[in-house]
Each structure stands twice: as C-alpha cells, then as structure tokens.
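Commentary on secondary and tertiary structure
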Amino acid sequence: MTDTPTGTRDPDALVRRAGKRADTRQDQHFLVDDRVLDRIPEYAVEAEMDLAHVLEIGGGPGALTDRLLAVADRVTVVERDRDFAAHLREEFAEEIEADRLTVVEGDALDVDLPAFTASVSNLPYGASSEIAFRLLPHGRPMVLMFQQEFAERMAAAPGTDDYGRLSVTAGHYADVEVVETVPKGAFDPQPRVTSALVRTTPREPDYTVPDDEFFMEFLKAVFTQRRKTMRNAVRNTAHISGLGDPDAVVDAADDDLMSARAGNLTPAGFADLATLAYDVGDPEA
C-alpha cells in the first residue's frame, strides 16, 4: 500500500514494487509512459462514458488501474497472473477496503464478468481478439489497446485494404475509431509492433439479422475467400457456414450481390445475404 494519491503513481515504481519482470512469453508488456497513461482515461471522459463501474482486463503492475481509479467510481480488474493479482491487492488495499476496487484473479476469457458500465484496458495482444469479442456484445463503451494493424482492421471501411471480417464483426456492435497510435517505446519491455488505442461506441446496426451466431459464422466462412465472388464464396464455404444447400442461396440472391466480393460488400449487404442464407440455405440447427 502507498500514500501516493490515486492517479499519480509512477509506473516504473509500480513495476519495482510488483517485484516481477514482464514475461513476454506470457504476452506481458507494461505501459510505462505517463503521458499515454494519463490520456487513456481522458478518451473515456471526453466521450462522456458512464464510469460508474469500469472493467479493466490485464492490470499487471497497476499503472492504468491507478489512472482509472482517479476517474471512475468503481473499478474491477481481471488479472490472470497470480503474482500481479497479489501485488494489486497490496498496492491498492485502501481502495479495495473502500469498495472502489475489486481484483478478480483469472483468465478474462473464463471468469464471470461483472455488470460493467465501460471497459478501459491495455489488452494482452495474444488474446485481444477473443477478449474484444467477448466484451463487444455487452453493449458498453470501451477504450482498448491493440496492435495497430488489428486496430486499423477493426475500424476499416468497405473497399479499403484493411476491411474484412473483423471490421464487419466489430461494426455489428459499435462504432469503432482509432484515437491514438502508441509507439513501442511507451512499453517495457518494448513489443515488436506499434500499438493503437481504439474507442468503441455501442449502437444497434442499421440492418437486422435473423441470428447473431449464424451471422458471425457466415462472415467467417465467406471472408476465407474474400477475393472470390460471393457466388463462389457461398458455394465453397458451406462446410464452414453450415449451409446445407448453398446453391439455393446463389439461385435466390440478386445477381449484383452474387457478383460482389467480400472486401467490397457493405455490412448491410452481408446482412441481406446472411438473412437469405438463413431462410433458404438449410443452415445447421
């Protein structure tokens, strides 16, 4: 425990007090740049996110946890590393005692998540995709750190090189924007790639789909052949999408839609095609 005011803890000192170096084999890279750490909560504040209960995934030594406690009413941090979880409980004992911080020890993909109002996290890169798509369906605003390439694919528009399954899937749940790129030098140890902060604003899509799970599987299928026409992609990926009768989908669909390629089709176009596939393609129950 320390008498340092919340929001001002030195990240390097936190690492020293944790008594443990980052293990890159476990995808640990500590964000130690004060300027970046100070800006991250501001992206949530300026978007007027509800910070009554903020969920942080991967607390590590606690530098971001410290900044979040300065702006949030309550914080729950999920940390899978036993040593860092113990450090967080000791470092923030006062906040825990005041019921402002809860430390959950475990894997963010397995533990029961609390009913949070926003999530602000420096995600472990190896699991960032799985974690993001566990969080997005909750319909809460988020500020998340990713590899830059991943972040740009999340936010990409149809017809661009970065546009793909990730763009459509993320956009199904929220508006996505890259708010800042973060250099390697902001971390210790430095990762091999540049990072980026993404801000998501939940919204209902401007289209409907008959079943979210089928829609996601359908996207996964057709994007495996993103450079093929949708006519060929639908036929060639029935083993992935679970369609029993892909030819029925091709025969029933508009020719312009079937001639499009996945990289150029809008999310609404995918929704129309997925709805048709669900209705006439004999999908697996």
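The rules behind each value
Residues numbered from 1 in each chain as written. Predicted model: local features only at pLDDT ≥ 70, side-chain atom pairs only at ≥ 80, totals over all residues. Heavy atoms only, no water. Pairing = 2+ DSSP bridges. Helix = DSSP H or I, 4+ residues; strand = E, 2+ residues; numbered from the N terminus. Axes fitted to C-alpha atoms, helices over the stretch in contact; angles between N-to-C directions. Contact = heavy atoms within 4.5 Å. UniProt positions renumbered as here; feature names shortened; annotations may be inferred. Buried < 20%, exposed > 50% of the residue type's maximum accessible area, 1.4 Å probe, protein only. Salt bridge = Lys/Arg side-chain N within 4 Å of Asp/Glu carboxyl O.

1. Things to note about the sheet that holds strand 6 (residues 142-147)
Spatial ordering of the open sheet is given by 4-3-2-5-6-9-7, a layout of seven strands whose pairing is mixed. Bordering the open sheet on either side are strand 4 (101-105) and strand 7 (174-182), each of which pairs with just one other strand. Across the sheet, the mean angle from the axis of one strand to that of its neighbour is 25°, orientation sign disregarded. The pairing of strand 6 with strand 9 (residues 195-202) spans six bridges and is antiparallel. Bridge pairing in strand 9 places Met142 opposite Thr200. With respect to the sheet, helix 7 (residues 148-155) is in contact with strand 6, strand 7 and strand 9, its orientation differing from that of strand 6 by roughly 125°.

2. A look at the UniProt feature "binding site: S-adenosyl-L-methionine" (unreviewed entry) in the protein chain
Under the UniProt annotation, "binding site: S-adenosyl-L-methionine" (unreviewed entry) lies at His29, Leu31, Gly58, Glu79, Asp107 and Asn122. Within the secondary structure, Leu31 sits in strand 1 (residues 30-31). What makes Leu31 buried here is its relative accessible area of 6%. Excluding anything up to four places from it in sequence, Leu31 contacts Pro11, Val36, Leu37, Ile40, Ala63, Asn122, Met145, Ala186 and Phe187.

3. Some details on the UniProt feature "domain: Ribosomal RNA adenine methylase transferase N-terminal" (unreviewed entry) in the protein chain
Those residues carrying the UniProt feature "domain: Ribosomal RNA adenine methylase transferase N-terminal" (unreviewed entry) are residues 36-204 in this numbering. In residues 36-204, helix accounts for 34% and strand for 27%; the two terminal C-alpha atoms are 31 Å from one another.

4. A closer look at the pattern of salt bridges
Summed over the entire model, instances satisfying the criterion amount to 19 salt bridges. As a salt-bridge pair, Lys20 and Asp83 come within 3.1 Å of each other at their nearest N and O atoms. With a gap of 63 residues between them, Lys20 in the loop between helix 1 (11-18) and strand 1 and Asp83 in helix 4 (residues 82-91) connect regions that are remote in the sequence. Residue classification places Lys20 among the partly exposed positions, given a relative accessible area of 24%. Residue class for Asp83 comes out partly exposed when judged on its relative accessible area of 44%. With a closest N to O distance of 3.6 Å, Glu105 and Arg89 form a salt bridge. With Glu105 in strand 4 and Arg89 in helix 4, the pair connects residues that are 16 residues apart, well separated along the chain. Here Glu105 falls in the partly exposed class, since its relative accessible area comes to 36%. Here Arg89 falls in the partly exposed class, since its relative accessible area comes to 34%. Taken together, the shared-partner salt bridges in this structure form one network comprising Arg9, Arg17, Asp34, Asp38, Asp66, Arg67, Glu91 and Glu95.

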